[in-house]
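Next come the chains, spelled out residue by residue.
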Amino acid sequence: MGGSKDFLLRLLCAIALVWAVIIGRELHKEVQARQLRNPDAYPQYEDLWTALGAFVGMLIAQLLFRPLFSSFARAMIPKKARWSNQVYGAKVERCCDSVFKCCYYAAMTTWSFAILRQEPWTPSVLGGGGSTRFCWTDGYPFQAASVDLRRFYLTAVGYHLSEVAMLLLEVRHPDFWEMMLHHTVSCTLVVFSYGLNYIRLGSLVLLLHGATDVFIYFSKVVVDTPHIRVIAFSYFSLIVAYAYFRIYVFPVYIMHSAWVESVAEAGSQVYGWGYLNFALCVLLLLHMYWFGLIIKIGFHYRQTGQARDLQSNLSSMDMADKKKRLDDDDDSHNATQLNKTRACP
């Protein structure tokens, strides 16, 4: 099962990368033509310096936060006898990263909601009073965006790029290919959506994902602590938030707008429509898979009495390490036997 899942994840990741490269090669001409046509209302390449600054700042902040918070994380998570030092270290590291990300998403969600709640494209299901069809009206693709909205969006671009860098820099965890697929799709979406001025729809995607990520990373912060009531609260809050934002709002409103309303309102002006919807479908697939794991966590706790993050599945690192040692022992034993056989007259 694990091999089939990894094969599918790698295949989707390869498709996303190849398709993104193809679009990226053609994207420059389209963006340049639009910039020349209406330079005041269309995003400029110089804007990406803000994203680059956010990328560097976020990457440095995450790398510095781990050693600064690790002592607090160790105090929060008592080491259990069944955990090896490698697994315990990974859990402490995950706690540090989760605290940072929970704070980041809480700040970004508050910021985005303050910007979007009065906008005509924010639907009532996300706290607004408008309709998602306005993502494609008002002269799309030459829709004006406020300075604050652009700053928010470029900060998100920089953060998503830093997530890819962090994934490649750290020790490979069991969920590596899931996260690689997610980060590949997310990064290409935020970069392309800014260049193609999908900022209205993209801002809604960032809002609903950020609102969910607050609960995701809060649950990852507390999952290995001894505070059962806090763990239970975080778990049920996560189920409600995930089901509402990612299983209901995301496909029913966001994907419907990208798939149907975009064509109805903007027609052929929606450049990269195919990749946009492919990437959103991949995100929904990952959402459904992870929601299944979240539900499974509840059943696992009921059966064993142990809270466990089945998505990261850090405990399996011990199993992989033991298997590697057994394989090495077998190889050593086989080599010894072969040498003895050769030594015999």
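Look up a bit, the structure's there.
Calculation rules
- Residues numbered from 1 in each chain as written.
- Predicted model: local features only at pLDDT ≥ 70, side-chain atom pairs only at ≥ 80, totals over all residues.
- Heavy atoms only, no water.
- Helix = DSSP H or I, 4+ residues; strand = E, 2+ residues; numbered from the N terminus.
- Buried < 20%, exposed > 50% of the residue type's maximum accessible area, 1.4 Å probe, protein only.
- Contact = heavy atoms within 4.5 Å.
- Areas by Shrake-Rupley, 256 points an atom, 1.4 Å probe, with all protein chains shown as cover.
- 1 Å grid on protein atoms, 1.4 Å probe; cavity = no way out; pocket = protein on both sides within 12 Å on 5 of 7 lines; lining within 4 Å.
- Points joined across faces, edges and corners; volume = space filled by probe spheres on them.
- Nonpolar A, V, L, I, M, F, W, Y, C, P; charged D, E, K, R; others polar.
- Polar contact = N/O pair within 3.5 Å; in protein donor to acceptor, adjacent residues only side chain to side chain.
- Axes fitted to C-alpha atoms, helices over the stretch in contact; angles between N-to-C directions.
- Parallel < 35°, antiparallel > 145°, perpendicular 65-115°, else oblique.
- Left-handed = near helix turned anticlockwise from the far one by under 90°.
- Salt bridge = Lys/Arg side-chain N within 4 Å of Asp/Glu carboxyl O.

## Regarding the overall build of the chain
When you go through the chain residue by residue, the secondary structure sums to nine helices and zero strands. Helices (α) and strands (β) of the chain occur, in sequence order from the N terminus, as α-α-α-α-α-α-α-α-α. In the chain, buried positions account for 48% of the 345 residues. For the chain, contacts bridging at least 24 residues in sequence account for 79% of all contacts bridging at least 6. Carbon and sulfur atoms make up 65% of the accessible area of the chain, which amounts to about 17500 Å² in all.

## Quick look at empty space enclosed by the protein
Using the criterion set out here, one finds one cavity of 30 Å³ or more in the structure. Roughly 40 Å³ of internal volume is contained in the largest cavity. Lining the largest cavity are Trp121, Gln143, Ala144, Ala145, Leu149, Asn197, Ile199 and Arg200. Residues that form the lining of the largest cavity fall into these classes: five nonpolar, two polar and one charged.

## Quick word on the environment of tyrosine 42
Structurally, tyrosine 42 is set in the loop between α1 (2-37) and α2 (48-76). Residues tyrosine 42 and glutamine 143, 101 residues apart in the sequence, show an inter-C-alpha distance of 7.3 Å. Not counting residues within four places of it along the chain, the set of residues in contact with tyrosine 42 comprises Val31, Arg34, Gln35, Pro141, Phe142, Arg150, Gly195, Leu196 and Asn197. Of the polar contacts made by the side chain of tyrosine 42, one reaches the backbone oxygen of glycine 195; its length is 2.7 Å.

## Describing the side chain of aspartate 213
Counting through the fold element by element, aspartate 213 comes out in helix α6 (residues 199-222). Aspartate 213 sits in the buried class, given a relative accessible area of 10%.

## Looking at the packing of helix α3 (residues 85-116) against α6
Interaxial distance between α3 and α6 falls to 8 Å at its minimum, and their mutual angle equals 150°. Overall, the two elements α3 and α6 adopt an arrangement that is roughly antiparallel. When you trace α3 past α6, the crossing you get is left-handed. In this structure, α3 uses Arg94, Cys95, Ser98, Val99, Lys101, Cys102, Tyr105, Ala106, Thr109, Ser112, Phe113 and Leu116 to contact α6, whose residues at the interface are Ser203, Leu204, Leu207, Gly210, Ala211, Asp213, Val214, Tyr217, Phe218, Lys220 and Val221.

## A closer look at the pattern of salt bridges
Across all of its chains, the model carries 11 salt bridges by this definition. Between glutamate 265 and arginine 133 there is a salt bridge whose closest N-O contact spans 3.8 Å. Of this pair, glutamate 265 sits in helix α7 (residues 228-266) while arginine 133 sits in the loop between α3 and α4 (147-169), and the two are 132 residues apart along the sequence. A relative accessible area of 37% places glutamate 265 in the partly exposed class. Three or more residues joined by partner-sharing salt bridges are found here, namely Arg66, Glu93, Asp97 and Glu170.

In short, the description is geometric, and any link to function would need to be established separately.
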